[in-house]
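# Commentary on secondary and tertiary structure
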Amino acid sequence: MAIKNRNVTVDGERAMTMGQFRAWMKTIDDDKDGKISKDELSAAVRGNGGWFAGWKAKRGVGSADSNGNGFVDESEIGNLVEFAQKHLGIKII
C-alpha cells in the first residue's frame, strides 16, 4: 500500500506526523503480525512509485532492526523513521 499522505514540503519531501507514519506502518503490515518484513516494506516503496524498492527495503529493515530478527517491530519504529527521512524522502513533522 502506498503512502496516502501527499503533503509535500517546499524542498520536495513528503511530510507526515509521527502518528501518520505509525498508521501507515500498520497499513503495510499485510499479515497483521505487528512487524514489518522486507517484502512488506518493498511493496510499500514500490506502490509509492519508488525505485529500487527491494534494495531500499532490505537496507531499511537492516538499518531499523536492532534485535536482528529480520523484522521492524513497534520498538524499532524510530529507527525506521530515521531511515525513511534519510533515504525515502519522508519528513516527519
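You'll find the structure just up there.
Keep in mind that what you see is a predicted model, and the values were worked out from it rather than measured.

## Topic: the overall build of the chain
For the chain, the count of helices and strands is 4 helices and 2 strands. Counted from the first residue to the last, the chain has its helices and strands arranged as β-α-α-α-α-β. Put simply, the chain has 93 residues, and 40% of those count as buried. Accessible area of the chain: about 5300 Å², with a carbon and sulfur share of 54%.

## Some points on the environment of Asn67
Counting through the fold element by element, Asn67 comes out in the loop between α3 (53-64) and α4 (77-87). Once residues within four sequence positions are removed from consideration, Asn67 is found in contact with Asp73 and Glu76. From its side chain, Asn67 meets the backbone nitrogen of Asn69 in a polar contact 3.2 Å long.

## Brief notes about helix α2 (residues 38-47)
Along α2, the residues classified as buried are Glu40, Leu41, Ser42, Ala44 and Val45. Buried positions along α2 lie against α1 (18-28), α3 and α4. One or two residues past the end of α2 sits Gly49, with phi positive at roughly 85°.

## Some words on the pattern of salt bridges
The final tally for this structure, using the stated rule, is 3 salt bridges. The salt bridge involving Glu82 is made with Lys86; its shortest N-O contact spans 3.4 Å. Of the two residues, Glu82 and Lys86 both sit in helix α4, 4 residues apart, roughly one turn of that helix.

## So, α3
Compared with an ideal rise of 1.5 Å per residue, which puts 12 residues at 16 Å, α3 spans 16 Å between its outermost C-alpha atoms and is within 8% of the ideal. When we look at burial in α3, the residues that qualify are Ala53, Lys56, Ala57, Gly60, Val61 and Ala64. Viewed end-on, α3 has its buried residues packed into an arc of 125°, placing them on one side of the element. Opposite the buried face of α3, at more than 90 degrees from it, the exposed residues are Trp55, Lys58 and Gly62. In this fold, the buried residues of α3 make contact with α2 and α4.

## Some details on the layout of surface pockets
A water-sized probe rolled over the atoms picks out the places where empty space is left. As a volume, the largest pocket reaches approximately 160 Å³. Lining the largest pocket, in full, are Arg22, Met25, Lys26, Asp29, Gly34, Lys35, Ile36, Val72, Asp73, Glu74 and Ile77. Broken down by element, the lining of the largest pocket gets its largest block of residues, 3 residues, from α1. Residues belonging to the lining of the largest pocket are distributed by class as follows: 4 nonpolar, 1 polar and 6 charged.

## Section: the packing of α1 against α4
At a minimum axis separation of 11 Å, α1 and α4 run at an interaxial angle of 105°. When the axes of α1 and α4 are compared, the pair comes out roughly perpendicular. Facing Met18, Phe21, Arg22 and Met25 of α1, the residues of α4 in contact are Ile77, Leu80, Val81 and Ala84.

Procedures and definitions
Residues numbered from 1 in each chain as written. Predicted model: local features only at pLDDT ≥ 70, side-chain atom pairs only at ≥ 80, totals over all residues. Heavy atoms only, no water. Helix = DSSP H or I, 4+ residues; strand = E, 2+ residues; numbered from the N terminus. Buried < 20%, exposed > 50% of the residue type's maximum accessible area, 1.4 Å probe, protein only. Areas by Shrake-Rupley, 256 points an atom, 1.4 Å probe, with all protein chains shown as cover. Contact = heavy atoms within 4.5 Å. Polar contact = N/O pair within 3.5 Å; in protein donor to acceptor, adjacent residues only side chain to side chain. Salt bridge = Lys/Arg side-chain N within 4 Å of Asp/Glu carboxyl O. Expected span 1.5 Å × (residues − 1). Arc of directions from axis to C-beta. 1 Å grid on protein atoms, 1.4 Å probe; cavity = no way out; pocket = protein on both sides within 12 Å on 5 of 7 lines; lining within 4 Å. Points joined across faces, edges and corners; volume = space filled by probe spheres on them. Nonpolar A, V, L, I, M, F, W, Y, C, P; charged D, E, K, R; others polar. Axes fitted to C-alpha atoms, helices over the stretch in contact; angles between N-to-C directions. Parallel < 35°, antiparallel > 145°, perpendicular 65-115°, else oblique.

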